[in-house]
Amino acid sequence: MKIVADKAIPFLRGVLEKWAEVKYLAGVEITSDDVRDADALIIRTRTRCNAALLEGSKVRFIATATIGFDHIDLEWCALHGIEVRTSAGCNARGVLQWVGAVLACLSHREGWSPREKTLGVVGVGHVGSLVAEYAREWGFEVVACDPPREEREHVGFLPLEEVAARADILTFHTPYDVSTRHLVDERLLGMLRPGATVLNSSRGGVADNEAMCRMGGRYVLDVWEHEPEINRELLDMVLLATPHIAGYSEQGKAVATSMAVMQLAEYFHLPIGEWYPHEAARSCPAPIAWEEMCRRIGDYYDIESESRRLKHDPSLFEQMRDNYAYRREFF
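Below: a short report on this structure. (Residues numbered from 1 in each chain as written. Predicted model: local features only at pLDDT ≥ 70, side-chain atom pairs only at ≥ 80, totals over all residues. Heavy atoms only, no water.)

Thoughts on the overall build of the protein
Along the backbone of the protein there are 14 helices and 11 strands. Taken along the three principal axes of its C-alpha coordinates, the protein extends 60 × 45 × 40 Å. Taking contacts inside the protein between residues at least 6 apart in sequence as the whole, the part at least 24 apart equals 59%. Taken together, the 37 basic and 50 acidic charged side chains of the protein have centroids lying 3 Å from each other. (Helix = DSSP H or I, 4+ residues; strand = E, 2+ residues; numbered from the N terminus. Contact = heavy atoms within 4.5 Å. Lys, Arg positive; Asp, Glu negative; His and termini not counted. Charge placed at Lys NZ, Arg CZ, Asp CG, Glu CD.)

What follows is the structure, given as structure tokens:
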């Protein structure tokens with residue numbers, strides 16, 4: 001059995017070698033020749049899994065150690081009998097703590113408290129539901145939008161336009177597909193209340209970066225169109241900028257790798273059992289008060305220093321991402 005794996009996936013080396021030949025490569029450099037005789041791939045978003053890569057290969061199984069799957073042609077894989085699994089939910093608490101760092105930073109800079117602000121959450125899945133839960137406990141008024149869930153569950157989520165019009169801070173946690181491409185466009189930006197701030201830590205294409213430049217405004221971005229060649233004008237404009245690392249917590253990465261390994265083991269009937277990297281911490285979800293979160297977040301994540309570094313030299317985008325020192329979750 002042969003597995004091709006992205007060499008940047010943490011904690012993976014040595015785990016599967018008892019049962020398979022494992023070839024580790026840079027995700028962007030994996031070619032059709034590399035996967036031709038492979039049975040399985042373990043990848044990240046940097047590997048485009050489509051006909052150009054997979055046609056004529058032996059690949060039967062793809063695990064992506066990410067929550068997203070827009071880098072995989074799911075329809076083509078289904079037509080050709082290739083099973084695809086994601087690590088949905090793995091980084092939810094890491095992104096929650098990125099949002100917490102953003103809110104704490106802006107609150108400190110601008111002198112406001114949560115009880116003065118309305119937070120709009122767009123996309124109430126693994127991440128958005130956590131953000132909404134903690135934000136309410138911190139004192140924010142929370143308004144939320146999730147059309148697919150509203151259609152299924154009828155729980156009172158609001159239309160996007162209403163959330164945009166009411167929110168002082170609007171944070172996006174949607175998947176990326178044809179329905180969410182350029183969800184943040186000139187029209188939506190024109191609906192925002194004066195001084196509103198838009199956060200995007202979902203996918204770069206959810207927000208029209210050129211429209212954001214044209215409209216001006218207050219933005220905090222972790223994800224960008226055309227990464228790593230990000231819009232320099234927009235980079236200069238944003239309040240805080242990070243290099244697509246919102247979910248890069250130690251526990252989140254460990255869970256993602258664990259999920260990929262367990263899914264592969266299940267598919268190929270490997271006797272691995274429950275596996276989690278012994279060198280990684282485990283998540284310890286806990287409530288935390290706003291004041292304590294603001295006081296402690298800097299010990300775990302200096303978002304302002306990270307933003308200054310990226311703004312100073314955006315050519316470091318991939319280097320900062322690939323060599324990231326994973327943050328440790330603390331709530």
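Here the narrative resumes.
Remarks on the nonpolar core
One finds Trp98, Trp138 and Phe140 to be the most contacted residues of the largest nonpolar core, which totals 42 residues. Secondary structure elements with two or more residues in this core: helix 4 (92-110), strand 6 (118-122), helix 5 (126-138), strand 7 (141-145) and helix 12 (290-300). The element that contributes the greatest number of residues to this core is helix 4, accounting for 11 residues. Setting aside residues no more than four positions away along its own chain, Trp98 makes contact with Leu199, Asn200, Ser201, Val220, Leu221, Asp222, Thr242, Ile245, Ala246, Tyr301, Ile303 and Arg327. In terms of nonpolar packing, the next biggest core, distinct from the first, is built from 31 residues, Trp224, Val238, Leu316 and Phe317 among them. (Core = buried A, V, L, I, M, F, W, Y, C linked by side-chain atoms within 4.5 Å. Buried < 20%, exposed > 50% of the residue type's maximum accessible area, 1.4 Å probe, protein only.)

Overview of the packing of helix 4 against helix 5
As a packed pair, helix 4 and helix 5 sit with axes 9 Å apart at the nearest point and diverge in direction by 45 degrees. With respect to each other, helix 4 and helix 5 are oriented oblique. Helix-helix and strand crossings are classified by hand; for helix 4 and helix 5 the assignment is right-handed. On the side of helix 4, the interface is formed by Ala92, Arg93, Val95, Leu96, Val99, Gly100 and Leu103, while helix 5 contributes His126, Val127, Leu130, Val131, Tyr134 and Trp138. Residue classes in the contact of helix 4 with helix 5 are distributed as 10 nonpolar, two polar and one charged. (Axes fitted to C-alpha atoms, helices over the stretch in contact; angles between N-to-C directions. Parallel < 35°, antiparallel > 145°, perpendicular 65-115°, else oblique. Left-handed = near helix turned anticlockwise from the far one by under 90°. Nonpolar A, V, L, I, M, F, W, Y, C, P; charged D, E, K, R; others polar.)

Let's talk about the pattern of salt bridges
Counting across every chain of the model gives 23 salt bridges. We note a salt bridge from Arg85 to Glu266, for which the minimum N-O separation is 3.2 Å. Residue Arg85 is found in strand 5 (residues 83-85), and its partner Glu266 is found in helix 11 (residues 250-268); the two are separated by 181 residues along the sequence. One salt bridge connects Arg166 with Glu162, and the closest N-O pair in it is separated by 3.4 Å. Taken together, the residues Arg166 and Glu162, both in helix 7 (residues 160-166) and four residues apart, mark about one turn of the helix. What makes Arg166 partly exposed here is its relative accessible area of 31%. (Salt bridge = Lys/Arg side-chain N within 4 Å of Asp/Glu carboxyl O.)

Function cannot be inferred from these measures alone, as they are strictly geometric.
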